[in-house]
Amino acid sequence: MSLLRLIFRGLRHHWRLHVAVSLGVAAATAVLTGALLVGDSMRWSLRHLTLDRLGKIDEVILSSRFFHAELTDQLCDSDSFQQHFESAAGVILLHGSAECRSIAGTVRRARGVSVLGCDESFWNFGSDRPGRLAGRREVVLNQPLADQLGARIGGQIVLRIPKANQIPGESPLGRKSDTVGGLTGLTVVEIVP
């Protein structure tokens, strides 16, 4: 008996097993290919959404510490900056929570709120510029947050943000309590989309 004939007899005798293995391989290949296509599509969609939200922002410099506002002006005045960019804005980004008390006395809260401290130059990077900029003890809210809080223009909100500390709270010498500060009585002056 030749080797070729032996292979043919084995295939014929165990044909059900070979068909099941072939169908399993085909199904696994289809699942993996579909997952790769969906993953690529999701990655592209998320990238597109992120770039749309950034607007005219090309570069971001993040720092774990505060820096002087004059640093932005010095950066804009440098020759190498002017060759590559149009303008810059200094922004403080903190994550906290917000709450708003309604006329009926119910309190609505939002957690994971991004709180931006910025000046007028920040609003040049987007298309939704508020009609009135926030002053002292005033805030500008975006529409989704205003809807979640039930806040209206002229209403009062409370922001809770982490206090700046030189020593992280996770370290043995760090402060474990009183790490969040509240800004009460902030007036909503504008709501942007």
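Residues numbered from 1 in each chain as written. Predicted model: local features only at pLDDT ≥ 70, side-chain atom pairs only at ≥ 80, totals over all residues. Heavy atoms only, no water.

1. Regarding the overall build of the protein
Filter applied, for reference: To qualify as a helix, a DSSP run of H or I must reach at least 4 residues; to qualify as a strand, a run of E must reach at least 2; elements of each kind are numbered from the N terminus. Per-residue accessibility, obtained with a 1.4 Å probe over protein chains only, is compared with the maximum for each type, and a residue is labelled buried under 20%, exposed over 50%, and partly exposed between these values. Should any heavy atoms of two residues lie within 4.5 Å, those residues are counted as being in contact.
Counting its secondary structure elements, the protein contains five helices and five strands. The linear arrangement of helices and strands in the protein, starting from the amino end, is α-α-α-α-β-β-β-α-β-β. Counting all 193 residues of the protein, 17% fall into the buried class. The long-range fraction of contacts in the protein, counting pairs at least 24 apart against all pairs at least 6 apart in sequence, stands at 60%.

2. A short note on the side chain of E99
With respect to the element layout, E99 can be found in strand β1 (residues 91–101). Given a relative accessible area of 12%, E99 falls into the buried group. If near-sequence neighbours (up to four positions away) are discounted, E99 is found in contact with V107, R108, R109, L149, I157, V158 and R160.

3. Notes on the pattern of salt bridges
Put simply, the rule is: By salt bridge we mean one thing: a side-chain nitrogen of Lys or Arg within 4 Å of a carboxyl oxygen of Asp or Glu.
Tallied over the entire structure, the rule returns three salt bridges. The network of salt bridges with shared partners includes E99, R109 and R160.

4. Side note on the environment of S102
Along the polypeptide, S102 turns up in the loop between β1 and β2 (107–118). Spatially, the C-alpha atoms of S102 and R152 are 9.8 Å apart, while their sequence positions differ by 50 residues.

5. Some remarks on the nonpolar core
To be explicit about the condition: Buried Ala, Val, Leu, Ile, Met, Phe, Trp, Tyr and Cys residues that are joined via side-chain atoms within 4.5 Å together make up what is termed a nonpolar core.
Judged by nonpolar contacts, the single largest core of 17 residues is most densely connected at V139, L141, L149, A151, I157, L159 and V188. When contributions to this core are tallied by element, the ones reaching two or more residues are β1, β2, β3 (138–142), α5 (143–149), β4 (156–162) and β5 (180–192). Every residue in contact with V188, bar those within four places of it in the chain, is listed here: V139, L141, A151, R152, I153, G154, G155 and I157.

6. Details of a negative patch on the surface
So the rule is basically this: What goes into a patch is any residue over 30% in relative accessible area without a salt bridge, connected to like charges within 9 Å or, for nonpolar side chains (Val, Leu, Ile, Met, Phe, Trp, Tyr), within 5 Å. The Shrake-Rupley method, run with a 1.4 Å probe, gives the accessible areas here. Residue values count only the displayed protein chains as cover. Two residue types count as positive, namely Lys and Arg, and two as negative, namely Asp and Glu; His and chain ends fall outside the count. One atom stands in for each charge, and that atom is NZ of Lys, CZ of Arg, CG of Asp or CD of Glu.
A cluster of acidic residues, E70, D73, D77 and D119, forms a negative patch on the protein surface. For D119, a relative accessible area of 44% puts it in the partly exposed group.

7. Digging into the side chain of E190
Looking at the element boundaries, E190 is found in strand β5. Apart from residues no more than four positions distant in its own chain, E190 is found in contact with P130, G131, R132, V139, V140, L141 and I153.

8. Details of a nonpolar patch on the surface
Together, M1, L3, L6, I7 and L11 make up an exposed nonpolar region whose accessible area comes to about 550 Å². Along the polypeptide, L3 turns up in helix α1 (residues 3–13). Given a relative accessible area of 62%, L3 falls into the exposed group.

9. Structural notes on unusual backbone geometry
The phi dihedral of R137 is positive, around 65°, even though this residue is not glycine. Along the polypeptide, R137 turns up in the loop between β2 and β3.

10. Concerning helix α2 (residues 15–54)
Heads up, the rule is: Expected span of a helix, by definition, is 1.5 Å for each gap between consecutive residues, and there is one gap fewer than residues.
Helix length check: α2 (40 residues) gives 58 Å between terminal C-alpha atoms against 58 Å at 1.5 Å per residue, within 8%. Two residues or fewer after α2 comes G55, characterised by a positive phi angle close to 65°.

11. Quick notes on the confidence of the model for the protein
This is how it is decided: A score from 0 to 100, pLDDT tells how confident the predictor is in each residue.
With 88% of its residues at a pLDDT of 70 or more, the protein has an overall mean of 79. At the low end of the mean pLDDT range in the protein sits helix α4 (residues 79–84), at 75; at the high end sits α2, at 89.

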